[in-house]
Amino acid sequence: MSNKVHFKGLNGIRAIASLIVLIFHIDQFLPMFGLTSLGFYQTGMAGYGVTLFFVLSGFLITRLLLIEKETYDRIDLPKFYIRRILRIWPIYYLVILFAVIIYLTVPHLITYPEGKVFVTFALYSGLLANFALGLGLNITPIAPLWSVGVEEQFYVFWPLLLRKSKKLLKTLLIIIIIYLAIKSSMYFLGKDRLYRLVSLCRFDCMAIGGIGAYLVHNKSKYLEFLYMPVIQAISWAILAVSVFYKPVHLFTLINDEFHAIVYLLIIMNVSSNPRSLIKLDNKFFDFIGRISYGIYVYHVTVIIVLSLVFNQLFHFQATGSFFNYLLVFCSIVITTIAISYISYNYFETYFLKLKTKFSVIESDAKGS
């Protein structure tokens, strides 16, 4: 039996996160088209867009598991893992296949570690993409998959933790404290590679999302404060400044966590506050949110393939005209959205229908 639960605006959150990553990465890869980067990608906002995805994942998965546990007094682990496999693996491995084809046919278009290509593909294929990236083993088309690897690792232990924990809020806080302690230790000891590896495993950001889910699920007394218009306004303002100027900086060690808390406040208000200042339930955000996973995993491959086409058709000057930049940006955005739409409707939907058969508590946020 499947019970469908409505979460307002979460597809809108997915849409915002995926578009942030897409736009900032286009700027980063403009030199592939013979154009000089505009430079805004250097703010690192694409990484914070990924943080938004992490917080959303922690919030939504925890919320669904809490509802399942409350409704049935248990969490069905086999069904949970099957659902995650059916949602994540098909296009994850499809993109890896595309990367192999690109490497074998036009390797000059991508970056890859000389002499370690097999090891790199093996790590990505084993859902250890974050470890590959942390070790400097990167292959351009599949670089975004590092975050998918983090989420898959998170999904391994998260339902077990929720099923066993008697004091979930305390457990989540302990996870965050331990994570920050390990990360801080690596930072102050000068263990740069270990610090990078730990920093890429953003379990604390997902735990922050889990705290939000816990507060909403239990109708916490703190919600009255967190739902205040001034809290909402500040949260949205921080996101807007971060996107259109540069990410708000607190302290290097806790920047991701600071942004995760801000994003959680936005997610909580959009999804569960009847007096949310900003509503994200509309056709545009719902459409982009539904195909956001495809946008995220396909966009670098699209950029690489289109750069090959553009370089055959055009010969842009490094300081190209406004039209040149507009043509590149629009072509990548439209093509990525089109491919993601086709993928969702004619490839992913098959697995999503299978996934529904294993649902216990189902979200109507279709990108989940």
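Per-residue confidence for the protein chain gives a mean pLDDT of 93, with 97% of residues at or over 70. Per-element confidence in the protein chain ranges from a low mean pLDDT of 65 for strand β1 (residues 3–5) to a high of 98 for helix α11 (residues 229–244).

Here we come to the packing of helix α6 (residues 145–164) against helix α7 (residues 168–188). It is at 10 Å that the axes of α6 and α7 come closest, and there the two elements cross at 140°. Between α6 and α7, the angle falls in the class oblique. Considering how the two elements wind past one another, α6 and α7 form a crossing that is right-handed. Of the residues in α7, those in contact with Trp-158, Leu-161 and Leu-162 of α6 are Leu-168, Thr-171, Leu-172 and Ile-175. When the residues that make up the contact of α6 with α7 are grouped by side-chain class, the tally is 6 nonpolar, 1 polar and no charged.

If you look at the biggest cluster of nonpolar residues, it comprises 123 residues, and the most contacted ones within it are Tyr-92, Ile-142, Leu-145, Trp-146, Trp-158 and Val-297. Here this core gets 16 residues from one element, more than from any other, and that element is helix α2 (residues 45–72). Once residues lying within four places of it in the same chain are set aside, the contact partners of Tyr-92 are Tyr-124, Leu-127, Ala-129, Leu-145, Val-148 and Tyr-293. Met-186, Tyr-195, Val-198 and Leu-253 belong to the second largest nonpolar core, which has 5 residues in total.

The next thing to look at is the packing of aromatic side chains. Under the definition given, this model contains 24 aromatic pairs. Centroid distance Phe-53 to Tyr-296: 5.6 Å. Interplanar angle 65°. Geometry classified as edge-to-face. With Phe-53 in helix α2 and Tyr-296 in helix α14 (residues 292–313), this pair connects stretches of sequence that are 243 residues apart. Phe-53 sits in the buried class, given a relative accessible area of 13%. A relative accessible area of 5% places Tyr-296 in the buried class.

Attention shifts here to the environment of Phe-358. Looking at the element boundaries, Phe-358 is found in the loop between α15 (322–356) and β2 (361–363). The spacing of Phe-358 and Asn-269 is 89 residues in sequence and 29 Å in space, taken between C-alpha atoms. In this structure, Phe-358 is in contact with Lys-79, Ile-82, Arg-83 and Leu-86, ignoring residues within four places of it in sequence.

Another point: a nonpolar patch on the surface. On the surface, Phe-225, Met-228, Val-230 and Ile-234 cluster together into a nonpolar patch covering about 360 Å² of accessible area. Note that Phe-225 resides in helix α10 (residues 223–226).

This brings us to the layout of surface pockets. Here the largest pocket is characterised by a volume of approximately 900 Å³. What lines the largest pocket is a set of 32 residues, among which Gly-47, Leu-133, Trp-146, Arg-196 and Arg-202 lie closest to the centre. At the level of secondary structure, the elements contributing two or more residues to the lining of the largest pocket comprise α1 (10–28), α2, α8 (192–200), α12 (255–272) and α14.

With that settled, the discussion passes to α11. Here α11 contains 16 residues, and its C-alpha end-to-end distance of 22 Å stays within 8% of the 22 Å for a straight helix at 1.5 Å per residue. Listed in full, the buried residues belonging to α11 are Ile-231, Gln-232, Ser-235, Trp-236, Ile-238, Leu-239, Ser-242 and Val-243. The buried residues of α11 occupy an angular sector of 150° when projected down its axis, which confines them to one face. With respect to the buried face of α11, the exposed residues turned more than 90 degrees away are Pro-229 and Phe-244. On its buried side, α11 packs onto α1, α2, α10 and α12.

So, about unusual backbone geometry. Despite not being glycine, Asp-73 has its phi angle at roughly 60°, a positive value. Its location among the elements puts Asp-73 in the loop between α2 and α3 (77–105). The residue Leu-127 is not glycine, and still its phi comes out positive at about 60°.

Criteria and cut-off values
- Each chain carries its own residue numbering, running from 1 in the written order of its sequence.
- Local features in this predicted model are restricted to residues of pLDDT 70 or higher, and side-chain atom pairs are both shown and tallied only at a pLDDT of 80 or more, whereas totals for entire chains, interfaces and linings draw on every residue.
- To get the side-chain values, take all heavy atoms of the structure and skip hydrogens and water.
- pLDDT runs from 0 to 100 and stands for how confident the predictor is about each residue.
- In this description a helix means any DSSP run of H or I spanning at least four residues, a strand means any run of E spanning at least two, and both kinds are numbered starting from the N terminus.
- Whenever a helix is involved, its axis is fitted only over the stretch in contact; in every case the axis is a line through C-alpha atoms, and angles between N-to-C directions fall within 0 to 180 degrees.
- In what follows, roughly perpendicular refers to angles from 65 to 115 degrees, roughly parallel to angles under 35, roughly antiparallel to angles over 145, and oblique to any angle outside these ranges.
- Crossings are sorted by hand: turned counterclockwise from the far helix by less than a right angle, the near helix makes the crossing left-handed, and turned clockwise it makes it right-handed.
- Contacts between residues were defined by any pair of non-hydrogen atoms, one from each residue, lying within 4.5 Å.
- Polarity classes work like this: nonpolar for Ala, Val, Leu, Ile, Met, Phe, Trp, Tyr, Cys and Pro, charged for Asp, Glu, Lys and Arg, and polar for all others, with Gly in that last group.
- Only buried residues count toward a nonpolar core. Its members are Ala, Val, Leu, Ile, Met, Phe, Trp, Tyr and Cys residues joined through side-chain atoms within 4.5 Å.
- Exposure is judged per residue with a 1.4 Å probe applied to protein chains only, and the accessible area is read against the type maximum: over 50% gives exposed, under 20% gives buried, and values in between give partly exposed.
- In this scheme Phe, Tyr and Trp rings, the latter by its six-membered ring, pair at centre separations within 6.5 Å, and the angle between planes marks the pair as stacked below 30 degrees, edge-to-face above 60, and tilted otherwise.
- Surface patches are drawn from residues lacking salt bridges whose relative accessible area is over 30%; two like charges belong together within 9 Å, two nonpolar side chains (Val, Leu, Ile, Met, Phe, Trp, Tyr) within 5 Å.
- Only the protein chains shown count as cover for residues, and the accessible areas themselves come from Shrake-Rupley with a 1.4 Å probe.
- Each salt bridge in this description consists of a side-chain nitrogen of Lys or Arg and a carboxyl oxygen of Asp or Glu lying within 4 Å of one another.
- Both site types are read off a 1 Å grid over the protein atoms alone. A 1.4 Å probe that fits but cannot get out defines a cavity, while an open set with protein on both sides within 12 Å along at least five of seven lines defines a pocket; lining residues have an atom within 4 Å of a point.
- Grid points are joined across faces, edges and corners, and a volume is the space filled by probe spheres set on the points.
- To estimate how far a helix should reach, multiply one less than its number of residues by 1.5 Å.
- In this description, the arc belongs to the directions extending from the helix axis to the C-beta atoms.

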